[in-house]
Amino acid sequence: LARCCPLLHTLKLSYCDTVTDIAITELANRCVNISMLYVDCMLVSDASLIRVAESCPKLRKLVLLNCRNISDQFLMRLSDFGAELEELYIHDSRLI
């Protein structure tokens, strides 16, 4: 998806039990115009979401559901890179 749609600006990944950090990192590296990202994936962690914050300067809305591997480290790094972020919603993250 990331290779075929570099101009993608909105993406919703729901009930994606097999999406991992590798896929989210690839998305961040290739789809830098993402402004809204909705992630409902249990295998995603701080590393890939930090990469999204670093690589996607147009990110305005980030919704994270069931991302049980994200922690306070992600939130601290997000504050360094997420200058344009207007909305952040996190639900069912056990480490925050």
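This text goes with the structure placed above it.
Residues numbered from 1 in each chain as written. Predicted model: local features only at pLDDT ≥ 70, side-chain atom pairs only at ≥ 80, totals over all residues. Heavy atoms only, no water.

K.L.:
Please clarify how the nonpolar core should be interpreted in this entry.
P.N.:
Considering soluble globular proteins, one finds that nonpolar side chains tend to be buried as a cluster. Grouped together as the largest cluster of nonpolar side chains are 26 residues, with contacts concentrated most on Ile 34, Leu 37, Leu 64 and Phe 74. Per-element tally for this core: the top contributor is helix 2 (residues 46-55), with 4 residues. (Core = buried A, V, L, I, M, F, W, Y, C linked by side-chain atoms within 4.5 Å. Buried < 20%, exposed > 50% of the residue type's maximum accessible area, 1.4 Å probe, protein only. Helix = DSSP H or I, 4+ residues; strand = E, 2+ residues; numbered from the N terminus.)

K.L.:
Can you walk me through the environment of Leu 13 in this structure?
P.N.:
Take Leu 13: it is sitting in strand 1 (residues 10-13). Residue classification places Leu 13 among the buried positions, given a relative accessible area of 14%. The spatial distance from the C-alpha of Leu 13 to the C-alpha of Ser 79 is 23 Å, given a sequence separation of 66 residues.

K.L.:
What should I look at first to understand the environment of Ala 28 in this one?
P.N.:
For Ala 28, the location among the structural elements is in helix 1 (residues 21-30). The class of Ala 28 is buried, set by a relative accessible area of 1%. Once the C-alpha coordinates of Ala 28 and Pro 6 are considered, the two residues, 22 residues apart in sequence, prove to be 9.9 Å apart.

K.L.:
Can you walk me through the packing of aromatic side chains in this structure?
P.N.:
When we look at a pair of aromatic rings, we describe it by the centre distance and by the angle of the planes. A complete count under the given rule lists 0 aromatic pairs for this structure. For Lys 12, the ring lying beneath its charged end belongs to Tyr 38, and the centroid distance is 4.7 Å. (Phe/Tyr/Trp six-rings, centres within 6.5 Å; stacked < 30°, edge-to-face > 60°. Lys NZ or Arg CZ within 6 Å of the ring centre and 35° of its normal.)

K.L.:
Quick question: what am I supposed to make of helix 2 here?
P.N.:
Note that an α-helix has 3.6 residues per turn; residues three or four places apart therefore point the same way. Counting buried residues along helix 2, 7 of its 10 residues qualify, which places the element largely inside the surrounding structure. Restricting attention to buried positions, one finds in helix 2 the residues Asp 46, Ser 48, Leu 49, Ile 50, Val 52, Ala 53 and Ser 55. In this structure, the buried residues of helix 2 make contact with helix 1, strand 2 (36-40), strand 3 (61-65) and helix 3 (72-81). (Contact = heavy atoms within 4.5 Å.)

K.L.:
Sorry, what's going on with the side chain of Ser 71 here?
P.N.:
Mapped onto the fold, Ser 71 is located in the loop between strand 3 and helix 3. At 2.5 Å, the side chain of Ser 71 forms a polar contact with the side chain of Asp 46. With sequence-adjacent residues up to four places away left out, Ser 71 is seen in contact with Asp 46, Leu 95 and Ile 96. (Polar contact = N/O pair within 3.5 Å; in protein donor to acceptor, adjacent residues only side chain to side chain.)

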